[in-house]
Amino acid sequence: MASLITIVRNKFLEAIRSVQPQGRWKILVVDEHSQRLLNSVLKRFDILEENVTDIQLLTNYRDPQPEFEAMYLVMPTTQNVDRVIRDFTNRQQYAAAHLFFTEGTRTLSFPPAFGLSEELFQRLTASPAEPYLRALKELFLNFWATEAQTFSLNEPSYFFSIYSPPRTEAAFTAARDRLEEDLRFASKMITNLCITLNEFPFIRYYMPTNHLPLGPLKPNAQTRAPPPPENSSRWRTQLARGSEARAYEAAETEFVTRLLAFMVQNNLEEYKKMNPDFGKLDSRPRGTLIITDRAMDMLAPFVHEFTYQAMANDLLRIENGTNYTYKFQSAVGAYEDKTAILSDADTVWTEVRHMHMREAIDKLMADFNKFLVDNAVFKGEGAANLNDMKEMLANLPQFQEQREKFSLHLSMAQDCMGIFERDKLPLIANVEQCCATGLNADNKTPKGLVEEMVPLLDSREVANMNKVRIVAMYIQYRDGVPDEDRRRLYQHARLTLAEQDAVNALVHLGVRISRAQTDKDRKNRFKHKPSNEEEYELSRFKPALRTVIEDHVADRLESSLFPYVRDAPSAVTQQVSSLRSPPPQTTSLRSQKPAWHRARQPNQVADNKQRIIVFVAGGMTYSEAREVYQLSSTLNKDIFIGSTHVTTPRGIVDDLKVLDLAGAGSKAIPNGLRDVKGGQRPWQAWYDEKYYTQEAAPPPPRQAAPGGGRPQVPGKVIQPSPTPSYQSQSSYSMPQHEVKEKKKKRGLFGF
């Protein structure tokens, strides 16, 4: 299947290549957000290779360059439109302007205006910039492609927006307005993904049965419709009870997943009206978008995972899941700090990240030894002749880079295993697996679980973070415990008040933490099923999302638990697509071009598998991402997973600590959730605030040239690049860049 990163990268490159000035060279002008999106999938060199002579930041001062045409890649905000207009008011910044909006503009009509409003469009076309406009297009690329099959909204604050309870009864209205603003934005980014994939999917959403709506959506007198008249209770049918009763009871089904699903459906239908060919692909069956949320499975964030990626992000300090700083041995034998980027560009990482740690270490060692054998010439055996030496020098950078990758991952694996032994994770994980699955290693109901758990809680050698995870999972295993038992658990574990708050906050995600003697067990819709496959004893738990996807493909996922927004696929279509990918489209022999001169490529697979897109509101885990990769292979589907953000065990515990405080003190929003006053704002007003960027300070006035010096020619002055991440001069020519790239060598002999 095609990588999502590759798809987004190609979309950006197609847009850049579509600008073909007569003079060949062009300037790329970006805003800060579009620059970050662009840099996430493309390197600066890749952009400059497309006849781009300079990359400039829209908010910075830029010298007029009327000899070049410019491609603007910006978000459709009022400030950005005004900046484009200003570039051609009383001056000519560039020869022409090709305007590309990273976000969809006027194509989606979600009331109020969605994207660039009609007012802004009229302002732009009636401005002095209009004669210079050569194109105005939207790209629908405002989302983050993080891996080949994962995407993110990069909005960790939405966890608090969805689940934080309003402080007072009067605060429910404002909290709900804020949540609906965030959901509209989230629905827009999910829509961008579907448009980028050219997928018009069926949409299913999670409807919990064991709790009412959470957070601001909790049924409340401030937000729900007034109750029906008292005498209407004798009517039993929904139709007979009248609209008042139905509106009153609707508040009990307004889950965040339902609101989000209907918003995405409306967005896609509006886009389909303006683009009738959207989603039409005869060779690929129509896909499905499954929308769920973090509250569906609160076991997955706490379980110790022992696959490489999940374990590393749990135990090591990896920033944003990608940046890891470790000790690297330099050429002189000294150890120095080095920051590595864990991305799909690292083939060693992609090959082992979903393996169990034991298997990953075995593969890393085997591949590293093979690598040394294949490159024995670099170990001092010398070169037989000048040609051998020339080849050695040519391969030296690649050898050094690959050796660093092996050094990185062997170091990470070693650090993980050291923590595994030091923190008594084998004993902790055994208790966790029993709580998460409800079964012991022999697939029987665990006995003596408390006797195993209490010594771990009492031990001072067990970190409090691990104790919080044990207590949280045990409470879920018991479906709540008496308040006195919970107090004793806290006492054994010696949890701080903040750590107790984290466990208590599970109630805001639908977990029953307190239980009376008369309370009955609630049905678990995602009960663990023993696997017939050989598995590690400490890795028996599988996230509930795996069951959801498998049941959906097998057509046994309950429609009451995951209803469709609109239509559902027919039984025949679903049965055929679940068994195999559809055959390639047949064409007439009369119109078919002969292809016998082309040899069939080995292992070539048609890219026409049915797609499943999963979105987890409130944060997804690395274990859920791993399941998506594995199920793509076993189910023969193209499966993508995305979320508001990716969460780790430490991250979820830290967020739960301040959930009652609306996120105040959290890493995502230290000052807490934003205030919303005066009801919901127009979309453009909220959009402008979200992507607001400060204008850069104007440059200091230039000094007059000395008496005998040559005067500077306006328009030919070379200014330093305003963009810190680029770290190069703003004026650029291809030959100079190639020379600089060749001169940038990273310690040729620094093995």
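Above this text sits the structure in question.
Every value quoted in this text rests on a predicted model; they were computed, and no experiment measured them. (Residues numbered from 1 in each chain as written. Predicted model: local features only at pLDDT ≥ 70, side-chain atom pairs only at ≥ 80, totals over all residues. Heavy atoms only, no water.)

All right, on to the overall build of the chain then. Within the chain one finds 24 helices and 14 strands. The buried share of the chain, reckoned over its 751 residues, is 50%. Taking the contacts inside the chain whose residues are at least 6 apart along the sequence as the reference set, 81% of them involve residues at least 24 apart. Accessible area of the chain: about 37,500 Å², with a carbon and sulfur share of 51%. (Helix = DSSP H or I, 4+ residues; strand = E, 2+ residues; numbered from the N terminus. Buried < 20%, exposed > 50% of the residue type's maximum accessible area, 1.4 Å probe, protein only. Contact = heavy atoms within 4.5 Å. Areas by Shrake-Rupley, 256 points an atom, 1.4 Å probe, with all protein chains shown as cover.)

Taken in spatial order, the five strands of this open sheet run E2-E1-E3-E4-E5, and their pairing is parallel. Single-partner strands in this sheet number two, and they are strand E2 (52-57) and strand E5 (133-138). Across this sheet, the average inter-strand angle for adjacent strands is 15°, counted without regard to direction. Pairing of strand E3 (residues 69-74) with strand E4 (residues 97-101) involves five bridges; the strand directions are parallel. Paired with Tyr-72 across the strands is Leu-99, a residue of E4. Packed on one face of the sheet, helix H1 (residues 4-17) meets strand E1 (26-30), E2, E3 and E4 and runs near 150° to E3. (Pairing = 2+ DSSP bridges. Axes fitted to C-alpha atoms, helices over the stretch in contact; angles between N-to-C directions.)

Further remarks concern the packing of aromatic side chains. Considering all chains together, one arrives at 24 aromatic pairs under this definition. Where Phe-306 meets Phe-420, the ring centres are 5.3 Å apart and the plane angle is 90°; that geometry is what we call edge-to-face. Taken together, the residues Phe-306 in the loop between strand E9 (288-293) and helix H10 (308-315) and Phe-420 in helix H13 (residues 386-422) connect sequence positions 114 residues apart. With a centroid separation of 5.5 Å and 35° between ring planes, the pair formed by Trp-683 and Tyr-687 is classed as tilted. Of this pair, Trp-683 and Tyr-687 both sit in helix H23 (residues 683-690), four residues apart, roughly one helical turn. Relative accessible area serves as the criterion here: at 1%, Trp-683 is assigned to the buried category. Given a relative accessible area of 0%, Tyr-687 falls into the buried group. An aromatic cluster is present here, built from Tyr-158, Phe-185, Trp-683, Trp-686, Tyr-687 and Tyr-691 joined pairwise through their rings. A cation over a ring is seen here: Arg-286 above Phe-200, with NZ or CZ 4.7 Å from the ring centre. Seen from the ring of Phe-185, Lys-690 lies directly overhead, with NZ or CZ sitting 4.6 Å from the centre. (Phe/Tyr/Trp six-rings, centres within 6.5 Å; stacked < 30°, edge-to-face > 60°. Lys NZ or Arg CZ within 6 Å of the ring centre and 35° of its normal.)

Attention now goes to helix H17 (residues 483-493). Along H17, the residues that are buried comprise Arg-486, Leu-489, Tyr-490 and Ala-493. Buried residues of H17, seen end-on, are gathered within an arc of 95° and therefore sit on one face of the element. Buried residues in H17 make contact with helix H15 (449-458), helix H16 (464-477) and helix H18 (497-504). Looking one or two places after H17, you find Arg-494, whose phi comes out positive at around 55°. (Arc of directions from axis to C-beta.)

Strand order in this open sheet of six strands is E6-E7-E14-E13-E9-E8, and the pairing throughout is mixed. Lying at the two open borders of the sheet, with one neighbouring strand each, are strand E6 (144-145) and strand E8 (202-205). Packed onto the sheet, helix H7 (residues 172-196) meets E6, strand E7 (150-152), E9 and strand E13 (611-617) and runs at close to 165° relative to E13. The strands touched by helix H19 (residues 544-553) within the sheet are E8, E9, E13 and strand E14 (638-643), with E13 carrying the most contacts at an inclination of about 145°.

Time to look at the environment of Arg-9. On the secondary structure map, Arg-9 appears in helix H1. Overall, the relative accessible area of 27% leaves Arg-9 in the partly exposed class. Ignoring anything within four residues of it in the chain, the contact list for Arg-9 reads Val-41 and Leu-42.

This part takes up H7. In this model, H7 (25 residues) spans 36 Å end to end at C-alpha, consistent with the 36 Å of a helix rising 1.5 Å per residue. Of all the 25 residues making up H7, 23 are buried; the element is thus mostly covered by neighbouring parts of the structure. Looking one or two residues past H7, Asn-198 carries a phi angle of roughly 55°, positive in sign. (Expected span 1.5 Å × (residues − 1).)

The subject of this paragraph is the packing of H15 against H17. Contact geometry for H15 and H17: axes closest at 7 Å, N-to-C directions at 50°. By the angle between their directions, the pair H15 and H17 is classed as oblique. On H17, the residues that touch Met-453, Val-454, Leu-457 and Asp-458 of H15 are Leu-489, His-492 and Ala-493. Here the residues of the contact of H15 with H17 are counted per class, giving five nonpolar, one polar and one charged. (Parallel < 35°, antiparallel > 145°, perpendicular 65-115°, else oblique. Nonpolar A, V, L, I, M, F, W, Y, C, P; charged D, E, K, R; others polar.)

Attention now moves to the side chain of Asn-440. Of note, Asn-440 is situated in the loop between helix H14 (425-437) and H15. We classify Asn-440 as buried; its relative accessible area is 18%.

Glancing now at the pattern of salt bridges. Here the structure, examined in full by the defined rule, presents 42 salt bridges. The shortest N-O distance in the salt bridge between Lys-280 and Asp-277 comes to 4.0 Å. Asp-277 shares its class with Lys-280; the two are exposed. A salt bridge links Asp-654 to Lys-657, with the shortest nitrogen-to-oxygen separation between them at 3.6 Å. With Asp-654 and Lys-657 both in helix H22 (residues 649-657), this residue pair falls three residues apart, about one helical turn. A single network of salt bridges, built from pairs that share partners, joins Glu-305, Arg-546, Glu-550, Arg-626 and Glu-627. (Salt bridge = Lys/Arg side-chain N within 4 Å of Asp/Glu carboxyl O.)

Read these as spatial facts, not as claims about activity.
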